[in-house]
Amino acid sequence: SLPTLNPVASSIYKSNISGLGITEPKSESIEIGTNLSGLVSQVYVKAGEKIKKGDKLFRIDDREAFANLALRESELESAKLDAAEKRVEFEMYRSISDRRAYSQDEFNKKRVASQIASQQVRQADAKAELAAVIVDKSTIKSPINGEVLKVDINEGEFAQAGVLITPLMEVGDLSMMHVRVEIDE
């Protein structure tokens, strides 16, 4: 005996239009990558998890970045000490009331040395700030509130920076779905 088939759905309307459609998150599907290449040292989320903007998704090995930050912060402290020493020397020359005790050239050298040391502090501070930015960039964070749709990276794998054929992760806001329909004319 032949199996019983369910009847085909029929419309109650006189005329119909049909189309091919897909549903997508309100935010669309956001493909997550990294702008720093390196080994993935930690993956913080799994597909299906709810996330908030700024939540950690994964981290690129940041040991070198932290070492560089420590070096830059040390250079900044050295520059500050050198600038303080140069400033004290210059202030000492400025405080001498008898201008015959030193030459104008010597006074100018102390003033310029103090200014150069102050500039070196600003440069060392900028380098330390840049190193801190690189440390921060090694942890990839969610750009939106939503849900992790896909995870295509694991700890120990190499994450390539730039545009990828397959994104490392996908996130989206599923609080409202949009339907995109193609209707053939």
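First things first, this report covers the structure right here in the doc. (Residues numbered from 1 in each chain as written. Predicted model: local features only at pLDDT ≥ 70, side-chain atom pairs only at ≥ 80, totals over all residues. Heavy atoms only, no water.)

1. Quick word on the environment of Lys 56
- Here Lys 56 shows up in strand β5 (residues 56–60).
- Its relative accessible area of 44% is what places Lys 56 among the partly exposed residues.
- Sequence separation of Lys 56 and Val 43 is 13 residues, and the distance between their C-alpha atoms is 8.5 Å.
- When neighbours within four sequence positions are excluded, Lys 56 is seen to be in contact with Tyr 44, Val 45, Thr 139, Ile 140 and Lys 141. (Helix = DSSP H or I, 4+ residues; strand = E, 2+ residues; numbered from the N terminus. Buried < 20%, exposed > 50% of the residue type's maximum accessible area, 1.4 Å probe, protein only. Contact = heavy atoms within 4.5 Å.)

2. Some details on the sheet that holds strand β7 (residues 146–151)
- Strand order in the open sheet made by the four strands is β2-β9-β7-β4, with antiparallel pairing throughout. Whereas interior strands pair on both sides, the edge strands pair on one side only; in this sheet they are β2 (30–32) and β4 (50–51).
- Bridge count between β4 and β7: two bridges; the pairing is antiparallel. Note on β7: the bridge partner recorded for Lys 50 is Glu 147. (Pairing = 2+ DSSP bridges.)

3. Details of helix α1 (residues 63–95)
- For α1, built from 33 residues, the straight-helix expectation of 48 Å at 1.5 Å per residue is met to within 8% by its first-to-last C-alpha distance of 48 Å.
- All of the buried residues in α1 are Ala 65, Leu 69, Leu 76, Ala 79, Ala 83, Phe 90 and Tyr 93.
- Structurally, α1 contributes buried residues whose contacts are with α2 (104–137). (Expected span 1.5 Å × (residues − 1).)

4. Side note on the nonpolar core
- Counting residues in each nonpolar core, the largest one holds 16 residues, and the members touching the most others are Ile 32, Val 40, Leu 57, Phe 58, Ile 153 and Met 169.
- Where this core is concerned, the elements lending two or more residues are β3 (38–43), β5 and β9 (169–172).
- Looking at which element gives the most residues to this core, the answer is β5, with three residues.
- Leaving out residues up to four positions away in the same chain, Met 169 has contacts with Ile 30, Glu 31, Ile 32, Val 43, Val 45, Leu 57, Phe 58, Lys 150, Val 151 and Ile 153.
- Counting six residues, the second largest nonpolar core, distinct from the first, contains Ala 79, Ala 83, Ala 117 and Val 121. (Core = buried A, V, L, I, M, F, W, Y, C linked by side-chain atoms within 4.5 Å.)

5. Concerning the sheet that holds strand β6 (residues 139–141)
- Strand order in the open sheet formed by four strands is β6-β5-β3-β8, with antiparallel pairing between adjacent strands. Two strands close off the open sheet at either side, each with one partner strand: β6 and β8 (158–159).
- With three bridges joining them, β5 and β6 adopt antiparallel strand pairing. Within the sheet, the bridge partner assigned to Lys 56 lies in β6 and is Lys 141.

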